[in-house]
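Listed here are the chains, written in short residue letters.
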Amino acid sequence: MIFRTTNPGTGRPALRRVRTTAAPRPLRHRLDPATVEEIPFHAADGVRLGLTRVDTGDDDRPAVLLLHGHTASADMFLLPETRNLVDVLLDDGYEPWLLDWRGSCRLPYNETGRRYTYDDVALHDIPEAVRHIRTRIGDRPLFVVAHCIGSLALSLSMTAGLVPGLAGVVSQGVFLTPKLAGRTSLRMTLAGELLKSRIDHIPVDIRKVGLWSKYTPLFALAARKATCPDPTCQILHNSAWGTGASLFVHEHLTDTTHDRLAELLGPAPLWILPHLRRIELARTVVRWHDTDQRYRALPPNALDAAARIDTPVLLLAGSENGLWLDSQKLCRDVLARRRPQLDVTYTEIPGYGHLDTFLGRGAALDVFGHILDFLGERR
């Protein structure tokens, strides 16, 4: 029973399990373990992150860095139950690198430890990963495929000039011009103000927090008008952590992927909302730390600094994106008007939402070909 959260022997609610170690939990994959290299890796500010290389034994392959979204992890690119993006890249002659930046659910920082903003991801996590990869690959081309907040943070790194010389970037979901539905924006604001004194993050697995917990009203709200009985699916597909948005097209997930949602997506920290809210109101990626000189390398407004983008960009989005709506199409139109010299193209995937562009059972057929075509033209 999915709502059973108590121990029959004691009758007490299950204790909440919070990870405190900074070591990433193991990845789940079906690759030869000998080819998966976990690399000890710290950002410039000392935060431990996760960097993984899939070693093919071929030193001539172009490298591709994969960036997950907030509360997801490198696992989203390695689903053993489907033909995943890493499989496709390997078969097409690329060397995949996967970064678990500080918003990864393989790491504990969304629940415990040092708080952060997307400035930290753009200034430390992504540039440091790129520098590390380049020390290993030499002058081979380096591409980036980035999803959601990973893509948003990458746009700030790029417009700061911190990751120059990339061979190409695939941005999925959102890039320079975030656009949320009105009700999503409103709920995000209300949640930040009304809940911040009671909770600091929104969980996705009711089995870890207990049915009778302070999080129960959030799960109850997410269950309204839901067609799936799984509480984790409800709070993600039907509510996107309480914002009222939808993260994927439900029927695109295999049963196995659906059952793994609590593993693939973790708790969402509420303390990140002020930065996200500022970004959404500005309709572009803006720096949070305006007076802290440690962040002066980042532009105050990424869109205003878009002329520093020195690589081709493919903006990718599902036509049914229930979170970022038509942000990518907006980005293409804005850049075409303001920075026509940039090499930016837009591709819409019919019938797909947000996360299912990578997690969907048919993503290898419907989505990944667009990524390979873009990379192949520039390798």
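Here the structure is shown first, and the text comes after it.
Residues numbered from 1 in each chain as written. Predicted model: local features only at pLDDT ≥ 70, side-chain atom pairs only at ≥ 80, totals over all residues. Heavy atoms only, no water.

## As for the state of the cysteines
Counted under the stated rule, the structure contains 0 disulfides. Between Cys105, a cysteine without a disulfide, and Cys148, which holds the nearest cysteine sulfur, the sulfur-to-sulfur distance is 13 Å. The structure places no disulfide on Cys331, whose sulfur is separated from the nearest cysteine sulfur, that of Cys148, by 14 Å. When its relative accessible area of 0% is taken as the criterion, Cys331 is described as buried. (Disulfide = S-S within 2.5 Å. Buried < 20%, exposed > 50% of the residue type's maximum accessible area, 1.4 Å probe, protein only.)

## Quick look at the packing of helix H2 (residues 118-137) against helix H3 (residues 149-159)
Packing of H2 against H3 brings their axes to within 8 Å, and their N-to-C directions diverge by 80°. With respect to their mutual orientation, H2 and H3 come out roughly perpendicular. Of the residues in H3, those in contact with Tyr118, Asp119, Val121, Ala122, Ile126 and Pro127 of H2 are Ile149, Gly150, Ala153, Leu154, Leu156 and Ser157. Per-class residue counts for the contact of H2 with H3 are 9 nonpolar, 2 polar and 1 charged. (Axes fitted to C-alpha atoms, helices over the stretch in contact; angles between N-to-C directions. Helix = DSSP H or I, 4+ residues; strand = E, 2+ residues; numbered from the N terminus. Parallel < 35°, antiparallel > 145°, perpendicular 65-115°, else oblique. Contact = heavy atoms within 4.5 Å. Nonpolar A, V, L, I, M, F, W, Y, C, P; charged D, E, K, R; others polar.)

## Quick notes on the pattern of salt bridges
Summed over all chains, the structure comprises 30 salt bridges. Close ionic contact of Asp45 with Arg102 constitutes a salt bridge, the shortest N to O distance being 3.0 Å. Separated by 57 residues along the polypeptide, Asp45 in the loop between strand S1 (36-42) and strand S2 (48-54) and Arg102 in the loop between strand S4 (95-100) and H2 bring together distant segments of the chain. Residue Asp45 is classed as partly exposed on the basis of its relative accessible area, which comes to 22%. In this structure Arg102 comes out as buried when scored by relative accessible area, which is 1%. A salt bridge links Asp91 to Arg83; its shortest N-O distance comes to 2.9 Å. Salt bridges sharing partners connect three or more residues here, namely Glu37, Arg53, Asp55, Glu95, Arg136 and Arg140. (Salt bridge = Lys/Arg side-chain N within 4 Å of Asp/Glu carboxyl O.)

## Section: the side chain of Thr184
Inspection of the secondary structure assignment puts Thr184 in helix H4 (residues 182-195). Here Thr184 is in contact with Thr243, Gly244 and Ala245, once residues within four sequence places are set aside.

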